[in-house]
Amino acid sequence: MRKEIDSSQLSVFVFMAVMALKIFLAPGLLIKYSGRDGWISMLVFVAIELVVLLMILFIIKLNPDKDLYEVLKYGVGNIGAKIVLLITSLFFGIKLIIMLGELKLFFNTSILKSIDFVVCLIVLLFMLVVFSAKGLRPVGRMAQIFFPFVLIALVVLFALTFGNLDINGLNPVVFDKDEILGTLSKFPIWFGDVAVLLVFTGKVKQKKRLVLGSMISAFISSAAVMYFAIVLFATYGDYPVIIDYGHTISNMVVYSSGSYLFGRFDIPIFCLWMISIFVQVIITFYAIASFMGKIIGKGSDAVWAIVVAVALFLLCQFVFKTKSSLFELGTGLPRWLCLAVEVFLPAILLVISIVEKLKEKKENDISQKSNTD
């Protein structure tokens, strides 16, 4: 099997996947639903995702020469593997629609008010088709090149917000179990970001400390997520009506002294940081296109990429084109797919991988014993 990325690129993908949407929109949703104490629910979400990520990394580690489809076939058979990939593709498609919709809301609100987003969407989908047809190797290189700029953007955002952070804004903390459980059940789809990394199974040039390196990257990214969430909750927790859906990230620094004295120079910084979202969109799009090829058994990745792009364009332009439709999609019945794909699927795949490794070890031991005798 062709190895398309290395361990360092996987760490970059992990960093961006953990961070991307959680800073972009999730904190604002939790503020509006749970108020000041919504950061507790966010902390629980992040902790769960780190556990899921650890499972996914071990799945990748245990299957250096088998892709996701092959691992599934070993565990549930060919038909079962295709059904699982179809359900996973459906979930990734919902995630992609939400990501594209949120990008539209942000740019229409903050930057491209005079430009019809349909033009940008067509260009973006064309780029997604090209990247998908080329495979993961170019995406890995691009992510590595732009990774330092994402880090710079995070440092600048930290500098803009740290001086005005008043942690007292989180007080008093009320640990309401019903409220936390309600939030966890309502917004999981905005946190189901790491399952897409399963697409790297069998495609990573593995080195020592693959799991450790990626988990360190994930912890750093999670810390950044929680810091910016706390900034938002401490500032707006008692005034959730001020937060605009699709405009959460700008609210983080709207009261920074730099924003008032020198204009909204933080907007270009946001655009640099949003490279992480673009990378996440590419990986998700690639996963859907490649899974469809496995399910149908015919057609190249390029052909399926075009099919997926056309379907996304129609859905984004004519079905899920408003704030309310995106919110209903994310909080409706499809959100339960997040539990199936983001939690149950990695757990099942890990069990399958461990069982297969134990079986291989047993067979090797028997073979060696026979040769010795």
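This one's a predicted model, so the numbers in the text were calculated from it and none came from an experiment. (Residues numbered from 1 in each chain as written. Predicted model: local features only at pLDDT ≥ 70, side-chain atom pairs only at ≥ 80, totals over all residues. Heavy atoms only, no water.)

Give me the overall build of the protein chain: which residues, what numbers.
When helices and strands are counted, the protein chain shows 15 helices and two strands. Burial statistics for the protein chain: of 373 residues in total, 55% are counted as buried. Accessible surface for the protein chain amounts to roughly 16400 Å². Of this, 69% is attributable to carbon and sulfur atoms. (Helix = DSSP H or I, 4+ residues; strand = E, 2+ residues; numbered from the N terminus. Buried < 20%, exposed > 50% of the residue type's maximum accessible area, 1.4 Å probe, protein only. Areas by Shrake-Rupley, 256 points an atom, 1.4 Å probe, with all protein chains shown as cover.)

Please set out the environment of isoleucine 277 residue by residue, giving values where relevant.
Turning to its location among the elements, isoleucine 277 is positioned in helix α12 (residues 275–296). According to the relative accessible area criterion, isoleucine 277 is buried, its value standing at 0%. For the pair isoleucine 277 and methionine 99, spaced 178 residues apart in sequence, the C-alpha separation works out to 8.0 Å.

Requested: an account of the side chain of serine 221, with residues and values cited.
Its location among the elements puts serine 221 in helix α8 (residues 210–236). The contact partners of serine 221, leaving out residues within four places of it in the chain, are Phe15, Val18 and Met19. (Contact = heavy atoms within 4.5 Å.)

Describe the confidence of the model for the protein chain, and please don't skip the residues or the numbers.
On average, residues of the protein chain score 82 in pLDDT, and 84% of them reach the 70 mark or higher. For residues 255–263, every residue scores under 50 in pLDDT, and the model assigns this stretch 15 contacts once sequence neighbours within four places are set aside. (pLDDT = per-residue confidence, 0-100.)

Can you explain the pattern of salt bridges? Please cite residues and give values.
Applying the stated rule across the entire model yields four salt bridges. The residue lysine 66 makes a salt bridge to glutamate 356 at a minimum N-O spacing of 1.8 Å. Taken as a pair, lysine 66 in the loop between α3 (38–62) and α4 (68–110) and glutamate 356 in helix α15 (residues 336–372) lie far apart in primary sequence, 290 residues in all. For lysine 66, a relative accessible area of 25% translates into the label partly exposed. Looking at glutamate 356, the relative accessible area reads 5%, which means it is buried. In this structure, lysine 294 and aspartate 67 form a salt bridge, with 3.2 Å as the shortest nitrogen-oxygen distance. You can see lysine 294 sitting in helix α12 and its partner aspartate 67 sitting in the loop between α3 and α4, a full 227 residues away along the chain. According to the relative accessible area criterion, aspartate 67 is buried, its value standing at 8%. (Salt bridge = Lys/Arg side-chain N within 4 Å of Asp/Glu carboxyl O.)

Tell me about the side chain of threonine 201, residues and numbers included.
Residue placement: threonine 201 occurs in the loop between α7 (177–186) and β2 (204–205). Taking relative accessible area as the criterion, threonine 201 reaches 0% and is therefore assigned buried. Ignoring anything within four residues of it in the chain, the contact list for threonine 201 reads Ile59, Ile60, Asn63, Lys66, Asp67, Leu68 and Val71.

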